[in-house]
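Below, each chain spelled out in residue letters.
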Amino acid sequence: MPPPKLYNALQNSILSKSFTLMRFLTFQIRSLSSTSSASTPATLSQDHVCHLILEQKSASKAIETFRWASSLPNFTHSQSTYRALIHKLCTFRRFDNVKQLLDEMPDSIGTPPGDEIFVTIVRGFGRASMTRAVIKVLHLVYKFHSSPSLKIYNSILDVLVKEDIDIAREFYRKSMMESGVVGDDYTFGILMKGLCLTNRIGEGFKLLQMIKSSRGVTPNTVIYNTLLHALCRNGKVGRARSLMYEMVEPNDVTFNILISGYCKEENLVQALVMLEKSFAMDFVPDIVSVTKVVEGLCKAGRLTEAAEVLDRVECMGASLDVVAYNTLIKGFCGVGKVKLGIHFLKQMESRGCLPNVDTCNILISGFCYSGMLDLALDLFNDMKTDGIKWNFATFDTIIRGLCSKGRINEGFSILELMEESKEGSRGHISPYNSIIYGLFKQNRFDEAVEFLTKLGKMFPRAVDRSMTIFKHCKQGSIEDAKRVYDQMIDEGGVPSILVYDCLVRRLSEDGCIREAVELMNEMTANNCFPVPSTFNAIIAGFCRQEKVESALKFMEDITARECETNAETYGPLINVTCKKGDLQKALQLFLEMIHNTFNVTKCNEIVVTSGASNISRGSTSSIHGCLSEVYSSSPNNVPSQGPIVENLFIINHTKTISYVYDGDTLASLRDEEWQKVISNLEAGDKVQIVVAGLGFTMKKTSLSHICLTS
């Protein structure tokens, strides 16, 4: 026996804990009784006691509550209160106490444990992953009953299937079939689930045939749907559809499975067929399946049909959620129809579906894509007013939109807001890469590099990798640069335009054009659209290898992506086509360059076919003089500094020789270079001259005007 002082302390502690528990239970009883006029503390119901037991935070308190309820007048425990306590004990893995309770039940309440209690124990062992103990529950059942019920067998089978389908099948054969237990549709549904979860589809079909041949059992819709889902998950949607026709009563879940399966395969036609069949049978697919169909239609550009699908679903009584509307709005914004996106925003609001941050982000992206940056900023500001919190995607989207369109100062302002918010950059470098992109696009290369360098504290690894790539490219060590780039990607890094441009230029200069093109496609996929210096390097690389067709095809591709070309884009192409003797193609490219890259006041062609016999070699001054005679200034369009020649293109069709000069080159051209041009002009030559510039009007002339006699 402990010393008196220690004994008293222990006794007081126990009494204190018991008193605290009794006060807590009394408070809960009063709370419960106040919500039900039929209940008072004196007549506590079975449901109230079950609730009190399940609310306890430990096994010991659950037992105390159970024993306390036993002491209440006019209260007797039942199967339900024992089940509540057993559930709580299983949660805390007090399985020895569970067995004690089972033994006392016949004397306590006059009946042995029922099926629900054994099912609770089975599930408790299952949660504890005690597979062998699950099977041994049958021994506990035999202790109180002559044989387990089919419900208990099914509960054991259900737990075993989740652990190991082979163990479950062995249990079915040895413990059920050999004992003469005939399974029901629920039994076979469990087995089918186990086979399909492990992708044993062939065995699933064998099981289906066995069910069909069994007496008194018909495969129900759940069994069929389980097999259908497995087939679709494994890409066998056509086989699943054939199986559907065997079903007596397909339901909405059946159509959900098939519609989702076809959408996964991007087979929009069959997905729509299944959707129509479900409508015809008065089934409304769930909103997830409907949204997949809408997404497929939007990707295919069938936006009107996508909107009609949502309208039909709503007319049939289904409720549309914000995800469905967002999918439709995203579809319209993706093709530049932002106004229709706004229309559906208003529609969803009028029907009680409130927009979320994703809705706003989609619209902001749409506005930026369509060049409506002011509307994007308005919506950005309205989000705060409407109580919709900005997230990282909001900041990232609008910063990218502003910087890609040259509004870098506003991009910086939004970046500061992002850094001040709780969201912050969340460890993502993409908003900062957008700033770098904007600076680089405006040819502010030094500022872009300086900004990248300042990110060293926030993104040390990314900055270090970038600087190393720059160094290797400058030294011509392209293999080392590629190795560091691959390392950067493997680490989850997102390269900036500086890294991409540096690598593409180096690869192009080294003749690795295919790799350069692949890298440019990769940067485009990462929402980093190439700037002229990047794709010009590739075109120049193709031209150095005299792959004119490849260069032209590549230029068509970048033009289709709405990339802005410049004079440097066309220069190498014009030179190489001239070199190959295709002067007409060179002229075509020259005119295309002028049209696409300059705001030219006048651009005319002077076609000269000279037949003069007295033409002699002209002096350099005569060519200089020709420029003043080729154009005559107009007072209305002459720049303040006088007429400006942007480009001069001379083609000698007879000798297949061409010369291309820009304005700066013409101004600094030496006499001997002019003499070279003149020396190739002879009587009878067919010569074509194109002059592009500002502040003059072209007029036709003859060769004698160009090559004056000395």
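Residues numbered from 1 in each chain as written. Predicted model: local features only at pLDDT ≥ 70, side-chain atom pairs only at ≥ 80, totals over all residues. Heavy atoms only, no water.

For the chain, the name recorded in an unreviewed UniProt entry is PROP1-like PPR domain-containing protein, with Arachis hypogaea as its organism.

Colleague: Just checking my understanding: could you explain helix α5 (residues 95–109) for this structure?
Modeller: Since there are 3.6 residues in each turn of an α-helix, residues three or four apart along the chain are aligned in direction. Here α5 contains 15 residues, and its C-alpha end-to-end distance of 21 Å stays within 8% of the 21 Å for a straight helix at 1.5 Å per residue. The principal kink in α5, of about 35°, is found at D103, preceding the proline P106 by one to four residues. Every buried residue belonging to α5 is among F95, V98, L101, L102 and M105, and all of these are buried. Buried residues belonging to α5 abut α3 (59–70), α4 (79–91), α6 (115–127) and α7 (131–144). Looking at the residues trailing α5, positive phi occurs at G110, about 85°. (Helix = DSSP H or I, 4+ residues; strand = E, 2+ residues; numbered from the N terminus. Expected span 1.5 Å × (residues − 1). Bend = angle between axes of the 7 residues up to and from the residue. Buried < 20%, exposed > 50% of the residue type's maximum accessible area, 1.4 Å probe, protein only. Contact = heavy atoms within 4.5 Å.)

Colleague: Before we go on, may I ask you to explain the environment of Y500 in this structure?
Modeller: Locating Y500 in the fold gives a position in helix α28 (residues 497–509). For Y500 and M520, which are 20 residues apart along the polypeptide, the C-alpha to C-alpha distance reads 7.3 Å. Residues within four places of Y500 in sequence aside, it is in contact with Y485, P495, L519, E522, M523, N526 and C528.

Colleague: Where do I start with the side chain of T120 in this structure?
Modeller: You can see T120 is positioned in helix α6. Classification of T120 as buried rests on a relative accessible area of 7%. At 2.8 Å, the side chain of T120 forms a polar contact with the backbone oxygen of E116. Residues in contact with T120, not counting those within four places in the same chain, are R83, I86, H87 and C90. (Polar contact = N/O pair within 3.5 Å; in protein donor to acceptor, adjacent residues only side chain to side chain.)

Colleague: Teacher, can you tell me more about the side chain of N326 here?
Modeller: Here N326 shows up in helix α18 (residues 322–334). Side chain to side chain, N326 and N356 meet in a polar contact 3.3 Å long. When neighbours within four sequence positions are excluded, N326 is seen to be in contact with N356, D358, T359 and I362.

Colleague: Any chance you could explain helix α12 (residues 221–233) here in plain terms?
Modeller: Look at α12: 18 Å from first C-alpha to last across 13 residues, which is about the 18 Å you get at 1.5 Å a residue. Listed as buried for α12 are T221, I223, Y224, N225, L227, L228, A230, L231 and C232. Buried residues along α12 sit against α10 (185–197), α11 (201–213), α13 (237–244) and α14 (252–264). The residue sitting at the N-terminus of α12 and contributing the capping side-chain oxygen is N220; that oxygen lies 3.2 Å from the backbone nitrogen of V222. Note on α12: the residue one or two positions beyond its end, G235, has a positive phi of about 80°.

Colleague: Which parts of the structure should I look at to understand the pattern of salt bridges?
Modeller: Any two side chains of opposite charge can pair if their charged atoms end up close together. Under the definition given, this model contains 31 salt bridges. Here D158 ties to K162 by a salt bridge, and the two come within 3.7 Å at their closest N and O atoms. Residue D158 and its partner K162 are located together in helix α8 (residues 150–163), separated by 4 residues, close to a single helical turn. Look at K162 and you get exposed, because its relative accessible area is 59%. Between E546 and K580 there is a salt bridge, with its nearest N and O atoms 3.8 Å apart. Of this pair, E546 sits in the loop between α30 (532–544) and α31 (548–560) while K580 sits in the loop between α32 (567–579) and α33 (583–597), and the two are 34 residues apart along the sequence. You can call E546 partly exposed: its relative accessible area is 36%. Here the salt bridges do not stand alone but share partners, grouping R461, D464, R465 and E491 into one network. (Salt bridge = Lys/Arg side-chain N within 4 Å of Asp/Glu carboxyl O.)

Colleague: It is not clear to me how unusual backbone geometry should be interpreted in this structure. Could you clarify?
Modeller: Only a minority of non-glycine residues have a phi that is not negative, and only a minority of peptide bonds are not trans. Here R93, not a glycine, exhibits a phi torsion of approximately 60°, which is positive. Within the secondary structure, R93 sits in the loop between α4 and α5. At D282, a residue that is not glycine, the phi angle is positive and equals roughly 65°. Relative to the assigned elements, D282 resides in the loop between α15 (268–280) and α16 (287–299). Note on D282: relative accessible area 63%, which makes it exposed.

Colleague: What should I look at first to understand the packing of aromatic side chains in this one?
Modeller: Think of a pair of aromatic rings as described by two things: how far the centres are apart, and how the planes are tilted against each other in angle. All chains considered together, the criterion is met by 16 aromatic pairs. On the basis of an interplanar angle of 55° and a centroid distance of 6.2 Å, the ring pair of F542 and F554 is categorised as tilted. Note that F542 is positioned in helix α30 and F554 in helix α31, a separation of 12 residues in sequence. With respect to burial, F542 and F554 carry one shared label: buried. An aromatic cluster is present here, built from F412, Y432, F451 and F459 joined pairwise through their rings. (Phe/Tyr/Trp six-rings, centres within 6.5 Å; stacked < 30°, edge-to-face > 60°.)

Colleague: What should I look at first to understand the packing of α16 against helix α17 (residues 303–315) in this one?
Modeller: A pair of packed helices is characterised by two quantities: the angle between their axes and the separation of those axes. Relative to each other, α16 and α17 sit at 165°, their axes nearing to 7 Å. Judged by the angle between their axes, α16 and α17 are roughly antiparallel. As for how α16 packs across α17, the hand of that crossing is left-handed. Between α16 and α17, the residues in contact are V290, V294, L297 and C298 and L303, E305, A306, V309, L310 and V313, respectively. (Axes fitted to C-alpha atoms, helices over the stretch in contact; angles between N-to-C directions. Parallel < 35°, antiparallel > 145°, perpendicular 65-115°, else oblique. Left-handed = near helix turned anticlockwise from the far one by under 90°.)

Colleague: Could you clarify how one ought to interpret the packing of helix α25 (residues 445–454) against helix α26 (residues 460–474) in this entry?
Modeller: Where α25 contacts α26, the axes come no closer than 9 Å and their chain directions differ by 140°. It follows from the interaxial angle that α25 and α26 lie oblique. In the crossing of α25 with α26, the sense of the turn from one axis to the other is left-handed. Side by side, α25 and α26 meet where V449, L452 and T453 of the first sit next to V463, S466, M467 and F470 of the second. When grouped by side-chain class, the residues that make up the contact of α25 with α26 number 5 nonpolar, 2 polar and no charged. (Nonpolar A, V, L, I, M, F, W, Y, C, P; charged D, E, K, R; others polar.)

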